[in-house]
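Close look at the chain arrangement
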Amino acid sequence: MIKKFDSFDEYQKAYDKSVADPEGFWAEKASGFNWKKKWDKVLEWNFDEPKVEWFKGGKLNITENCLDRHLATRGDQVAFIWEPNDPSEANKSLTYKELHAEVCRFANVLKKNGVKKGDRVCLYMPMIPELAIAVLACARLGAVHSVVFAGFSASALSDRINDAKAKVVLTSDGAYRGNKNIPVKAVVDEAVKTASCVEKVIVAKRTGENVTMKDGLDVWWHEETKGISAECEAESMDSEDMLFILYTSGSTGQPKGVVHTTGGYMVYAEYSFRNVFQIGDGDVYWCTADIGWITGHTYLVYAPLLAGTTSVIFEGVPTFPDAGRFWAGIQKHKVTHFYTAPTAIRSLMASGLDFVKPYDLSSLKVLGSVGEPINEEAWHWYNDNIGNKNCPIVDTWWQTETGGILISPLAGITPLKPTCATLPLPGVQPVLVDSEGNELKGNDVEGNLCMKYPWPSIIRTLYGDHERCRQTYFSTYKGLYFTGDGCKRDHDGYYRILGRVDDVINVSGHRMGTAEVENAINEHSAVIESAVVGYPHDIKGQGIYAYVILEDFSKTEDVLRKEILDVVTKIIGPIAKPDKIQFVKGLPKTRSGKIMRRILRKVAEGDVSNLGDTSTLLDPSVVDDIKGGALVPLKV
Ligand code: WTA
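Since we're looking at a predicted model, the values are computed, not measured. (Residues numbered from 1 in each chain as written. Predicted model: local features only at pLDDT ≥ 70, side-chain atom pairs only at ≥ 80, totals over all residues. Heavy atoms only, no water.)

1. Here's the deal with empty space enclosed by the protein
Inspection of every chain in the model, using the stated rule, returns three cavities of 30 Å³ or more. Within this model, the largest cavity holds a volume of roughly 50 Å³. Phe80, Ile81, Trp82, Lys92, Ser93, Leu94, Pro129, Ala132 and Ile313 are the residues that line the largest cavity. Those elements that place two or more of their residues in the lining of the largest cavity are strand 4 (78–83), strand 5 (92–95) and helix 5 (129–141). Grouping the constituent residues of the lining of the largest cavity by class yields seven nonpolar, one polar and one charged. (1 Å grid on protein atoms, 1.4 Å probe; cavity = no way out; pocket = protein on both sides within 12 Å on 5 of 7 lines; lining within 4 Å. Points joined across faces, edges and corners; volume = space filled by probe spheres on them. Helix = DSSP H or I, 4+ residues; strand = E, 2+ residues; numbered from the N terminus. Nonpolar A, V, L, I, M, F, W, Y, C, P; charged D, E, K, R; others polar.)

2. Section: the packing of helix 4 (residues 96–112) against helix 5
Taken N-terminus to C-terminus, the directions of helix 4 and helix 5 make an angle of 65 degrees; their axes are 8 Å apart at the nearest point. Once helix 4 is placed against helix 5, the crossing between them reads as right-handed. For the pair formed by helix 4 and helix 5, the contact residues are Leu99, His100, Glu102, Val103, Cys104, Phe106, Ala107, Leu110 and Lys111 on the first element and Ile133, Ala134, Leu136, Ala137, Cys138, Arg140 and Leu141 on the second. The residue makeup of the contact of helix 4 with helix 5, split by class, is twelve nonpolar, one polar and three charged. (Axes fitted to C-alpha atoms, helices over the stretch in contact; angles between N-to-C directions. Left-handed = near helix turned anticlockwise from the far one by under 90°. Contact = heavy atoms within 4.5 Å.)

3. Here's the deal with the site of the ligand
For the ligand, the set of nearby residues contains 17 residues, the closest of which are Asp395, Thr396, Thr400, Asp485 and Arg500. Gly371 places a main-chain nitrogen or oxygen 3.2 Å from a nitrogen atom of the ligand. Within the side chain of Asp395, one N or O atom sits 2.8 Å away from a nitrogen atom of the ligand. Against a free-state accessible area of 530 Å², the protein chains account for coverage of 96% of the ligand. Across the shell around the ligand, the residue classes break down as six nonpolar, six polar and five charged. (Near = heavy atom within 4 Å. Polar contact = N/O pair within 3.5 Å; in protein donor to acceptor, adjacent residues only side chain to side chain. Areas by Shrake-Rupley, 256 points an atom, 1.4 Å probe, with all protein chains shown as cover.)

4. A look at unusual backbone geometry
Of note, the bond from Glu49 into Pro50 is cis; its omega dihedral lies within 30 degrees of zero at -15 degrees. Mapped onto the secondary structure, Pro50 falls in the loop between strand 1 (41–46) and strand 2 (51–56). Of note, the bond from Phe320 into Pro321 is cis; its omega dihedral lies within 30 degrees of zero at -5 degrees. Along the chain, Pro321 turns up in the loop between strand 17 (310–314) and helix 11 (325–333). Residues other than glycine seldom take positive phi values, yet Lys165 does so here, at roughly 50 degrees. Mapped onto the elements, Lys165 comes out in the loop between helix 6 (154–164) and strand 8 (168–172). The exposure class assigned to Lys165 is exposed, which follows from its relative accessible area of 54%. One non-glycine residue, Gln278, lies in positive phi territory at about 50 degrees. Structurally, Gln278 is set in the loop between helix 9 (263–277) and strand 16 (284–287). Taking the relative accessible area as the measure of exposure, Gln278 reaches 16% and is therefore buried. (Buried < 20%, exposed > 50% of the residue type's maximum accessible area, 1.4 Å probe, protein only.)

5. Notes on the side chain of Thr340
Mapped onto the elements of the fold, Thr340 is located in strand 18 (residues 337–340). Note on Thr340: relative accessible area 3%, which makes it buried. Reaching out from Thr340, the side chain makes a polar contact with the side chain of Thr288 at a distance of 2.8 Å. In this structure, Thr340 is in contact with Thr288, Phe326, Ile345, Gly368, Ser369, Val370 and Tyr382, ignoring residues within four places of it in sequence.

6. Quick word on the side chain of Asp173
Residue placement: Asp173 occurs in the loop between strand 8 and strand 9 (175–177). Comment: no salt bridge for buried Asp173; closest opposite-charge side chain is Lys205, at 5.9 Å. Of note is the side chain of Asp173, whose polar atom sits 2.7 Å from the backbone nitrogen of Arg206. A polar contact of 2.7 Å, which involves the side chain of Asp173, links it to the backbone nitrogen of Gly208. (Lys, Arg positive; Asp, Glu negative; His and termini not counted. Salt bridge = Lys/Arg side-chain N within 4 Å of Asp/Glu carboxyl O.)

7. Remarks on the nonpolar core
Across soluble globular proteins, nonpolar side chains have a tendency to be buried as a group. Ranked by size, the top nonpolar core spans 122 residues in total, and within it Leu99, Phe106, Leu170, Phe277 and Tyr302 carry the most contacts. Broken down by element, this core gets its largest block of residues, ten residues, from helix 5. Counting 46 residues, the second-largest nonpolar core is a separate cluster that includes Phe149, Leu217, Val532 and Ala546. (Core = buried A, V, L, I, M, F, W, Y, C linked by side-chain atoms within 4.5 Å.)

8. Regarding the sheet that holds strand 6 (residues 120–123)
Ordered in space as 12-11-8-6-7-14-15-23, the eight strands form an open sheet in which the pairing is mixed. Both outer strands of the open sheet, strand 12 (218–220) and strand 23 (461–462), are each paired with one neighbouring strand and no more. Summarising the sheet, strand 11 (residues 200–204) and strand 12 pair through three bridges and their orientation is parallel. Paired with Ile202 across the two strands is Val219, which belongs to strand 12. Packed onto the sheet, helix 7 (residues 184–193) meets strand 8, strand 11 and strand 12 and runs at close to 155 degrees relative to strand 8. (Pairing = 2+ DSSP bridges.)

9. A short note on the domain arrangement of the protein chain
Entries for the protein chain in the domain assignment read domain 1 (8–317 + 396–487) and domain 2 (508–628). On a C-alpha basis, the centres of domain 1 and domain 2 stand 33 Å from each other. Taken together, the contact between domain 1 and domain 2 spans 18 residues of the former and 14 residues of the latter. The interface formed by domain 1 and domain 2 includes one salt bridge. Note that Arg511 and Glu401 form a salt bridge whose closest N and O atoms lie 2.9 Å from each other. Where domain 1 touches domain 2, the interface holds ten residue pairs in polar contact (both at pLDDT 80 or more). (Domains from an automatic or database assignment.)

10. Some remarks on helix 4
For helix 4, spanning 17 residues, the distance from its first C-alpha to its last is 24 Å, which sits close to the expected 24 Å at 1.5 Å a residue. Burial in helix 4 covers these residues: Tyr96, Leu99, His100, Ala101, Val103, Cys104, Phe106, Ala107, Asn108, Val109 and Leu110. Once helix 4 finishes, Gly114 follows within two positions and takes phi at roughly 95 degrees, a positive value. (Expected span 1.5 Å × (residues − 1).)

11. As for the packing of helix 9 against helix 10 (residues 294–306)
Two elements in contact, helix 9 and helix 10, have axes separated by 9 Å at closest approach and are oriented at 85 degrees. The angle between helix 9 and helix 10 places the two elements in the roughly perpendicular class. In contact with Tyr265, Met266, Ala269, Glu270, Ser272 and Phe273 of helix 9, helix 10 contributes His297, Thr298, Tyr299, Tyr302, Ala303, Pro304 and Leu306. Residues belonging to the contact of helix 9 with helix 10 are distributed by class as follows: nine nonpolar, three polar and one charged. (Parallel < 35°, antiparallel > 145°, perpendicular 65-115°, else oblique.)

This is the structure:
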């Protein structure tokens, strides 16, 4: 078990050691885990290729470290408390012993259905215990899991299944989300029509609705597990064997399959979790993220189990049956550590304190924030009303590609400053660079955030496209990993994340590539071209603003707007629906054909007074047209 620090001084010493002797530092952290064979070499790396290998030659299985390792000491401790969508439905809980048995049983089911080490398994499921069990069952066998958030459309799911060439898909009949009943299996049926790699679909029963079960393809989870042994030896994995693929959005159209491997990811997940949250025995931790995103992978499934924690898995949404749901859950389960996204805080803040006051939140010790910058107002609301000015807020900055939290306060140890992710964790070496890649030294500087040294859970590749991985993250600035974020280092040396500097927007804490949304909009037959930018949105952080050029004016604008939203929902999913659509005659392009997004962003922000230099535009008159449109209130 990794020891956590108990003072700022200890943190600073650990930080200095991690820079002076990274290999010694991480070897010591890694030695607390169960390895089937010790590694030969702690680290080999080269950011030019890129190649990063941690604990090379080591053999392990992450599920033995999440589960088996705890059986003697924590077998009867609850690992997961499942809080269903409808609060009147009974909770379920699984002890470490029970979870171990379920994971082994389902691993045997996967085996029976043809899954072997190295095969890819796609999971498209609601937040039910079976999802966490299935993730771990894949890891038990050495199969690579690719979890796709169950809000994506059939078309987006099919793309992800095909890219990973998944052999098996795991799903459920339906899903409850708030007062909605979502036909999950029907989405999978549609997706697998265009994914011939899929040999089996295993369906968990959740809503009991009627679904079509195709002979030879679809099987029921509960039937497959009948009479199946709850013992399954853990596959021996190399440290650098692939653990999972998780698709995320980038600046170009196609989603990228971020690949994480086994040993380094495990070590960093537990190390960062314990130290950031300062979690200990008897604590109850609740991370509200969906397992379909990286936060759910690292800080809902893997890290809490590695650390032997009791955690809550929540099926529902923060506003059902009302905006007091989180606070009711904290009271009910005596939650000590609560981790959520600023967008949820802002939306609950807007609902007012009447939803907070009825609940006893005195069990809370630490609050966390993740996924987007937290604005000052939301920070104070969270601090005052939820934490009762008594719980440190850890504003954790990280990315799908980083695998774990890189910049964050350590709860109760790092002096806080609202809206600042504060300081790097030991082992993390951030640098800020200007647009030419020159390092900006000292404090009070602002630039692009890069990392100059690998940490154990850094992205290894993009599935099936190593060159794209190199280009996206390791070629912008030589010798550095580029995060895509802008960042300020203030006079105290604290890091404050300013947001993306590329064509990625962050909508309600979800990453969205503007090109991806544009491609979807362009699928509408009346659309010639579109350009999408983000704009400040009170609740979502950023909203999606689409400029659209039409070639067919036979329908009214309202009808077209609705149809465009439907197309985007069909191609990506409801999370990518533009908040505003403005029809324009042209887009501001330079003579070389590049769209000047700066202008589009300004107009979307409602700031048309100073659009900067427009003289390089091919047709400067389009700007007046766009500006004119922006002054008219937009309705979607
Ligand atoms: C943003 C989510 C400010 C950032 C874990 C990053 C944040 C992107 C923070 C990654 C934070 C995440 N403060 N911005 N605390 N955390 N971000 O891959 O722009 O879904 O690059 O990972 O979210 O999003 P992703």
